[in-house]
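Residue-level structural notes
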Amino acid sequence: EINQLRLTAEQVYEREKQILLDSRNAAITDRNEALRKNRELQDKYNDVSETYHTYQNTTSTKISEYENTLKLKEFELERTGLLYKEIAAKYNDCAKENDKMTKKLEVLLEEYNSKKCEYVNEVNALNIRVRSLQSELGAVKSGDDTVRDIIQ
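Below you will find a few notes about this structure. (Residues numbered from 1 in each chain as written. Predicted model: local features only at pLDDT ≥ 70, side-chain atom pairs only at ≥ 80, totals over all residues. Heavy atoms only, no water.)

1. Quick look at the overall build of the protein
- The helix and strand tally for the protein stands at one helix and zero strands.
- For the protein, the spread of C-alpha atoms along the three principal axes comes to 205 × 30 × 25 Å.
- Summed over all atoms, the accessible surface of the protein reaches about 14500 Å², with 57% contributed by carbon and sulfur.
- Treating the 25 positive side-chain charges of the protein as one cloud and the 29 negative ones as another, the clouds have centres 1 Å apart. (Helix = DSSP H or I, 4+ residues; strand = E, 2+ residues; numbered from the N terminus. Areas by Shrake-Rupley, 256 points an atom, 1.4 Å probe, with all protein chains shown as cover. Lys, Arg positive; Asp, Glu negative; His and termini not counted. Charge placed at Lys NZ, Arg CZ, Asp CG, Glu CD.)

Shown next, in the form of structure tokens:
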């Protein structure tokens, strides 16, 4: 019976030893797998980190470029606004001057038309007078011719 107990104890010991060895081997395999996954994750982290830093630098550069472009565009907009105000003021001055000139032109046209009517009337009166004087001259010439004929 002691041999039987010893044999049973040895079998239990061997089984326990085998279970512990299997557990140890499984734990080592799990540890190695975890270390491998950790290395893979660390490599991925390093890649992502490098990509992030590259992206961050690129983004910072682009932001700086856009800020500079924005400042330039703001300057151009301000300059254009000032030019617009200046041109608008000059336009308004020219419009006022144009209105003055238009009124002067209207007055001058009225005067011109008035004078033209006066001159036309005067020319017509002078034409009538010339015709009457020509008639008189014709009458005087024919009277002169008559007097000459009589004298001769």
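2. Focus: the environment of threonine 59
- With respect to the element layout, threonine 59 can be found in helix α1 (residues 2–151).
- By relative accessible area, threonine 59 is classed as partly exposed at 25%.
- For the pair threonine 59 and arginine 129, spaced 70 residues apart in the sequence, the C-alpha separation amounts to 99 Å. (Buried < 20%, exposed > 50% of the residue type's maximum accessible area, 1.4 Å probe, protein only.)

3. Examining the environment of glutamate 86
- Looking at the secondary structure, you find glutamate 86 in helix α1.
- Measuring from C-alpha to C-alpha, the distance between glutamate 86 and aspartate 145 comes to 83 Å, with 59 residues separating the pair along the chain.

Such coordinate-based values are descriptive only and should not be taken to indicate function.
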